[in-house]
Amino acid sequence: MTTERTLVLVKPDGVSRGLTGAILARVEAKGYRIAALAQLTPSRDLLAKHYAEHEGKPFYEPLLEFMESGPVVAAVFEGERVIEGFRSLAGATDPTAAAPGTIRGDFGRDWGLKVQQNLVHGSDSVESAEREIGIWFPA
Ligand code: RTP
Ligand code: MG
């Protein structure tokens, strides 16, 4: 079994609602280790790179507007199968449908906006994780 790294973002809704600590605590409590941590308000250029796969989709513009609306906490977590493990902790993309016990299921809901404000992002593959970590932690 190889140790993986994943990029976790606490999105602007999570930071502004004061949920950063509660969210990171769940990930640490499952046994994953924080390898890097930063707070920043991402530029449009950074977000365009991060969300390149979604360019042209109907939610792309509202997603970028949401993500640049305030501070985001970016973390690299490490551990065996952390990519799958974090996505399981995060729950389904739609926070209303996300299972109770997950971050999105416990803390999120639909606010009737043009984009799903679902508190967190987690990389979806080893390749995405390495690409995204390079974008958010260029050093
Ligand atoms: P993430 O990338 O943030 O971990 O979430 P995900 O894989 O579950 O979702 P993805 O399909 O990659 O979409 C990226 C983010 O775009 C927003 N979104 N809104 N129909 C909508 O309103 C819609 N669809 C996607 C969400 O913020 C989602 O996390
Ligand atoms: Mg995704």
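What counts as what
- Residues numbered from 1 in each chain as written.
- Chains lettered and ligands numbered in written order.
- Predicted model: local features only at pLDDT ≥ 70, side-chain atom pairs only at ≥ 80, totals over all residues.
- Heavy atoms only, no water.
- UniProt positions renumbered as here; feature names shortened; annotations may be inferred.
- Helix = DSSP H or I, 4+ residues; strand = E, 2+ residues; numbered from the N terminus.
- Phe/Tyr/Trp six-rings, centres within 6.5 Å; stacked < 30°, edge-to-face > 60°.
- Lys NZ or Arg CZ within 6 Å of the ring centre and 35° of its normal.
- Polar contact = N/O pair within 3.5 Å; in protein donor to acceptor, adjacent residues only side chain to side chain.
- Contact = heavy atoms within 4.5 Å.

### A look at the UniProt feature "domain: Nucleoside diphosphate kinase-like" (unreviewed entry) in the protein chain
- As annotated in UniProt, the feature "domain: Nucleoside diphosphate kinase-like" (unreviewed entry) corresponds to residues 3-139 in the numbering used here.
- Between the C-alpha atoms that bound residues 3-139 there is a distance of 21 Å. The span itself is 40% helix and 20% strand.

### Notes on the packing of aromatic side chains
- On inspection of all chains with the given rule, the structure shows zero aromatic pairs.
- Positioned over the ring face of Trp111 is Arg109, at 3.8 Å from the centre of the ring.

### Some details on the side chain of Ser123
- Residue placement: Ser123 occurs in the loop between strand 4 (120-122) and helix 7 (126-136).
- Within the structure, the side chain of Ser123 is placed 3.1 Å from the backbone nitrogen of Leu7, a separation counted as a polar contact.
- Engagement of the side chain of Ser123 in a polar contact is seen with the side chain of Glu132, the distance being 2.7 Å.
- For Ser123, the contacting residues outside a window of four places in its chain are Thr6, Leu7, Ile83, Arg87, Ser128, Ala129 and Glu132.

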